[in-house]
Amino acid sequence: KPVYQQDNLGASSPPLELSQEEFSNGFLPDEDGWSFPNYSPVRSSSFGIGDAIVLFGEELVCEEPEGPCIPNPAAAEWIEFIRTASQGGVCEGMTAYSISRFLLGSSPQTIELPLTAEVEQKLSQLFATQFLDEVVEKTKLWQKSSLEEIVKELQVALADPNHEQYTLGIYSDMGGHSLLPYAISVDNSGQGSISVYDPNWPGQARYISFDTDTNIWSYSYFGADQEIDRQKWSGDGNAIDLTPLSSRENPFTPPYVTTGEQSRNYLAISSVDNGWSLSFEDGTTLNGNNLDLDNENIFAINRGKAKLDNQEQVFTTVVLVWEEE
């Protein structure tokens, strides 16, 4: 069963010129978003063997075709990697699942759904898709785009729900975060805003400000009052991207191999204070408090809110990858 499937998502339409209008697909955060905030899954309900089977099929996860599934070593390591990565929050799953339910007209509305075991399972599966080749490759195409190109594509997409729809990623030197764009407006000077659903702020209308002439955007990640927040995340076109919703349809290619072929190695470092450093064999280092986002070994950065020691804290997971012994 597909993680997500929308039959009428077609190929991209020709890009529009930057238009001084407002476009919206009709999504409303206080109706179509989740009532609960982004969270860190507990061990018993986090990504597991059954979720890996949904993504890849039993033959690529289980050691034996019959009896209870015992995952092969590579699959078991990848499952543990996803569990670790999700400790920074499951915002990617929350944005992808909320827009898929909206497009499919699912009932009841998302805001009415409690955090049940079934909902958690879907969120975990969709969270995991961001680390799969089919999704990564589609996202990389937008990582090379300018802010103006992203704005133009969102104008096309949000004007027509039958067009490809997207989740949106933003990045700073402190981490990355997944948002759901549902409306966009721009004036004749190239300045405007993207209305977004943010899983960290349930039920609220949040927005990204942008200027296509300077190729700069800003977003109030921390502040409840977006107007006076002085710690906004900001960046250029290289620090914002789009992930097509259609890329999250299974079956997927496993990011691991079960033969003697060379495979990728992952390391997930989770931290509240980012007070870590990693030394490479060539003498270079990577510092958790001053990440070089251009480092070829950084595969993903997840940032969310997690309850640790009965206190809500910001929690960052940096995922590294390399293709060597």
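Residues numbered from 1 in each chain as written. Predicted model: local features only at pLDDT ≥ 70, side-chain atom pairs only at ≥ 80, totals over all residues. Heavy atoms only, no water.

Caption draft 1: Geometry of the overall build of the protein chain. Across its full length, the protein chain carries 7 helices and 13 strands. In the protein chain, which comprises 325 residues, the proportion classed as buried is 51%. A sequence separation of at least 24 residues applies to 66% of the contacts in the protein chain between residues at least 6 apart. Roughly 15300 Å² of accessible area belongs to the protein chain as shown, and the carbon and sulfur atoms make up 46% of that amount. (Helix = DSSP H or I, 4+ residues; strand = E, 2+ residues; numbered from the N terminus. Buried < 20%, exposed > 50% of the residue type's maximum accessible area, 1.4 Å probe, protein only. Contact = heavy atoms within 4.5 Å. Areas by Shrake-Rupley, 256 points an atom, 1.4 Å probe, with all protein chains shown as cover.)

Caption draft 2: Up close: the nonpolar core. Core analysis: the largest hydrophobic core is formed by 40 residues, its most contacted members being Trp34, Phe56, Trp78 and Phe131. Elements that contribute at least two residues to this core include exactly α2 (49-56), α3 (73-85), α4 (91-104), α5 (117-128) and β3 (175-186). With 6 residues, α3 is the largest single contributor of residues to this core. Those residues in contact with phenylalanine 56 that lie beyond four places of it in its chain are Val61, Trp78, Leu132, Phe252, Thr253, Pro254, Pro255 and Tyr256. Counting 25 residues, the second-largest nonpolar core is a separate cluster that includes Trp142, Ile170, Tyr221 and Ala239. (Core = buried A, V, L, I, M, F, W, Y, C linked by side-chain atoms within 4.5 Å.)

Caption draft 3: View of the pattern of salt bridges. Considering all chains together, one arrives at 3 salt bridges under this definition. Ionic pairing is found between glutamate 92 and arginine 248, a salt bridge with its closest N-O pair at 2.5 Å. On the criterion of sequence distance, the pair formed by glutamate 92 in helix α4 and arginine 248 in the loop between β8 (240-244) and β9 (265-271) is long-range, its members being 156 residues apart. Summarising the burial analysis for this pair, glutamate 92 and arginine 248 share the class buried. Of the charged contacts in the structure, one is a salt bridge between glutamate 148 and lysine 152, with a shortest N-O distance of 3.5 Å. Here the residue glutamate 148 and the residue lysine 152 both occupy positions in helix α7 (residues 147-159), the gap between them amounting to 4 residues, near one helical turn. Accessibility expressed as a relative area gives 19% for lysine 152, which makes it buried. (Salt bridge = Lys/Arg side-chain N within 4 Å of Asp/Glu carboxyl O.)

Caption draft 4: The packing of aromatic side chains, seen in detail. Scanning all chains against the criterion turns up 15 aromatic pairs. Each ring, one from tyrosine 221 and one from phenylalanine 222, has its centre 4.9 Å from the other, and the planes form 80°; the classification is edge-to-face. A relative accessible area of 29% means that phenylalanine 222 is categorised as partly exposed. Ring pairs connect the aromatic residues Phe47, Phe56, Trp78, Phe81, Phe127, Phe131 and Tyr256, which therefore count as one cluster. Above the plane of the ring of tryptophan 201 lies arginine 206, whose end atom (NZ or CZ) is 4.3 Å from the centre. (Phe/Tyr/Trp six-rings, centres within 6.5 Å; stacked < 30°, edge-to-face > 60°. Lys NZ or Arg CZ within 6 Å of the ring centre and 35° of its normal.)

Caption draft 5: Examining helix α6 (residues 133-143) more closely. Taken together, the buried positions of α6 are Val135, Val136, Thr139 and Trp142. Buried residues of α6, viewed axially, fall in a sector of 115°; they line one side. (Arc of directions from axis to C-beta.)

Caption draft 6: Representation of the state of the cysteines in the model. Applying the stated criterion to the full structure yields 1 disulfide. Across a sulfur-sulfur distance of 2.1 Å, cysteine 62 and cysteine 69 are joined as a disulfide pair. The chirality of the disulfide connecting cysteine 62 with cysteine 69 is left-handed, given an S-S dihedral of about -105°. (Disulfide = S-S within 2.5 Å.)

Caption draft 7: Spotlight on α3. Relative to the 18 Å expected for 13 residues at 1.5 Å per residue, α3 spans 18 Å between its end C-alpha atoms, a close match to the ideal helical length. If you check which residues of α3 are buried, you get Ala75, Trp78, Ile79, Phe81, Ile82 and Ala85. The buried side chains of α3 occupy one side of the element, clustering within an arc of 160° when seen end-on. Facing away from the buried side of α3, by more than 90 degrees, are the exposed residues Pro73 and Glu77. (Expected span 1.5 Å × (residues − 1).)

Caption draft 8: Main features of the side chain of serine 145. Inspection of the secondary structure assignment puts serine 145 in the loop between α6 and α7. Engagement of the side chain of serine 145 in a polar contact is seen with the backbone oxygen of leucine 141, the distance being 3.4 Å. (Polar contact = N/O pair within 3.5 Å; in protein donor to acceptor, adjacent residues only side chain to side chain.)

Caption draft 9: Representation of the packing of α2 against α5 within the structure. Direction vectors running N to C along α2 and α5 enclose 55°, while the axes themselves pass 10 Å from each other. Taken together, the axes of α2 and α5 lie oblique to each other. Here the hand of the crossing between α2 and α5 comes out right-handed. Contacts from Asp51, Val54 and Leu55 of α2 reach α5 at Gln121, Gln125 and Ala128. Across the contact of α2 with α5, the residue classes tally to 3 nonpolar, 2 polar and 1 charged. (Axes fitted to C-alpha atoms, helices over the stretch in contact; angles between N-to-C directions. Parallel < 35°, antiparallel > 145°, perpendicular 65-115°, else oblique. Left-handed = near helix turned anticlockwise from the far one by under 90°. Nonpolar A, V, L, I, M, F, W, Y, C, P; charged D, E, K, R; others polar.)

Caption draft 10: View of the packing of α4 against α5. Remark: α4 packs on α5, axes separated minimally by 7 Å, with the N-to-C direction vectors making an angle of 105°. With respect to α5, the axis of α4 lies roughly perpendicular. For the pair α4 and α5, contact is made by Glu92, Gly93, Met94, Ala96 and Tyr97 and by Lys122, Leu123, Leu126 and Phe127, respectively. The class makeup of the residues in the contact of α4 with α5 is 6 nonpolar, 1 polar and 2 charged.

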